[in-house]
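Reading the structure
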Amino acid sequence: MLLVWGLGVGSLTGCARYRLYWGDVHGHTANSDGKGTVAEYLRHAREEANLDFAIVSDHDFGNGPPWRMPAAVWEQTQATVEALTEDGRFVAIAGYEWTSQPKYWTEYAGETLSEGLLAGSPRYYNHKNVYFPNRVPYLFSAKDPLYQSPDQLAAAVRRVGGLIHNNHPDHTSDGRDQWAYRVSQCDVIANTEVMPDVVWYEGKRYETQVESVIRDYLNQGGRTGLVGGSDTHEGKPAARTAVYARRLTRPALFEALRARRCYAVWSARIGLEFRIDGHRMGEAIAVRGSPRLTIRVAGTAPLAEVALVHDGAVLHAWQPETREAQIEFTDRSFSGASWYYVRVTQRDADPHGNPGRAWSSPIWVRATPPAATSTRGSLREEWWRSVLSSAAGAAR
Ligand SMILES: [Zn+2]
Ligand SMILES: [Zn+2]
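Procedures and definitions
- Residues numbered from 1 in each chain as written.
- Chains lettered and ligands numbered in written order.
- Predicted model: local features only at pLDDT ≥ 70, side-chain atom pairs only at ≥ 80, totals over all residues.
- Helix = DSSP H or I, 4+ residues; strand = E, 2+ residues; numbered from the N terminus.
- Buried ≥ 20, exposed ≤ 12 C-beta atoms within 10 Å, placed from the backbone.
- Contact = placed C-beta atoms within 7 Å.
- pLDDT = per-residue confidence, 0-100.
- Pairing = 2+ DSSP bridges.
- Expected span 1.5 Å × (residues − 1).
- Arc of directions from axis to C-beta.

**Quick notes on the overall build of the protein**
Looking only at helices and strands, the protein features 6 helices and 21 strands. For the protein, the residues scored as buried account for 42% of the 396 residues in total. Considering only intrachain contacts with a sequence separation of at least 6, the fraction spanning at least 24 residues in the protein is 69%.

**A closer look at the confidence of the model for the protein**
In low-pLDDT segments, the atomic positions of the prediction should not be examined closely. Per-residue confidence for the protein gives a mean pLDDT of 90, with 87% of residues at or over 70. Under a pLDDT of 50 for its full length, residues 1-14 has, in the predicted model, 19 contacts with residues more than four places off or in other chains.

**Comments concerning the pairing of strand 1 (residues 19-24)**
Across the 6 residues of strand 1, 5 count as buried, placing the element largely inside the fold. Of the strand pairs in this sheet, strand 1 and strand 10 (residues 241-245) are connected by 5 bridges, and their pairing is antiparallel. Of the residues in strand 10, the one forming a bridge with Y21 is V243. Where strand 1 meets strand 2 (residues 53-59), 2 bridges bridge the pair, whose relative direction is parallel.

**Things to note about helix 2 (residues 71-83)**
With 13 residues, helix 2 extends 18 Å from end C-alpha to end C-alpha; this agrees with the ideal 18 Å at 1.5 Å per step. Among the residues of helix 2, those classed as buried are W74, T77, Q78, T80 and V81. Burial along helix 2 is one-sided: seen end-on, the buried residues are contained in an arc of 160°. Across helix 2 from its buried face, at more than 90 degrees, point the exposed residues A71, A72 and A83.

**Notes on helix 5 (residues 250-258)**
Among the residues of helix 5, R250, L253, F254, L257 and R258 are the ones counted as buried. Along the axis of helix 5, the buried residues cluster in a sector spanning 130°; they form a single face. Along its buried surface, helix 5 packs onto strand 2, strand 3 (91-99), strand 5 (163-166), strand 6 (189-193), strand 10 and strand 11 (262-266). Phi turns positive one or two residues past the end of helix 5, at R260, with a value near 65°.

**A word on the environment of V287**
Tracing the sequence through the fold places V287 in strand 14 (residues 284-287). Given 16 C-beta atoms within a 10 Å radius, V287 is considered partly exposed. For the pair V287 and P369, spaced 82 residues apart in the sequence, the C-alpha separation amounts to 9.1 Å. Residues contacting V287, with those up to four places away along its chain left out, are D277, V365, A367 and T368.

**Brief notes about the sheet that holds strand 12 (residues 271-276)**
A sheet is described by the order of its strands in space; here 4 strands give the open sequence 13-12-15-18, paired in antiparallel fashion. Every other strand in the sheet has two partners, leaving strand 13 (279-280) and strand 18 (324-330) as the edge strands with one partner each. Where strand 12 lies against strand 13, 2 bridges are found, and the strand directions are antiparallel. By the bridge assignment for strand 13, R275 is matched with R280.

Structure, rendered in structure tokens:
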């Protein structure tokens, strides 16, 4: 479903270039440890959940011995996705969950091993979703020594034009090595699943610390956008990721996800736009002077808080108490290099008591170097300008 901007909040320049599409980037079927067929999963996405797109992402280990997804199952997944895609109406995307487990390493002493495993010390890479714009012959499985590390995986996925996101970041030892890849892989490992630090489920409180873990990664210089995934094992995908894309086609969605022009929501289709000096979420930009931020929210309930998160902490928070908000803010504390994202919290509750939320992808900001005073300086300035204009060209 499209979110139509301009219902009471006007419209910003350039809005017509992109439309907002809703989808789910993470879910399972009976091809691994979920329920139902791929076709049922996609029909639920399209007909019941009213999604514009859905990625199906079964575990690379399949659902039985020899604990590898059979090539025929992967082939069938890709065929189903193609058959149920209708450009402009619903886009299905074939993916899988690269499921790295320490027990696949021979030296793991935690439990009895049941299969021939990888050599070396256990690594805790956590899980990553991998998805493709076109057919690929087979998965790059975490159980294959060729694709056992995130760097190896990213290299293989880059060659076929695919994308990766980090799943359910973990603050325990299970996620110890989840960021162990070169920052330059961020063109392929583009996004990370976010969820609230604290989640209520059937009366119990769970401290996930997911948002905090991602903030720590960003503070270390990490580059990632934010997406949401239901990780459904019931065959029921839901609206968890919003993408600003030119049109509803697979190539346009991949372009938008690669550019991080996407954000995550929890239990509500909250409209969110975040710009700095006119640049959109997901971009890395240079500014002269203080960054000028624009935040626009179209909620589905009164907005309890719109928080601006900056370099690891909340820089400023507003309490609109209205359904819609437009905020202009100039960061006069800016001192040369910062990242920013926006988190929205509604004054409502899902059946478990969690409020509706949204998290924008970050924008990374650097100060434009001062005007050149020497030949060397002016060359440097020229180089910097060319980097910026090519980056802007790539993102638009
Ligand atoms: Zn997982
Ligand atoms: Zn999963």
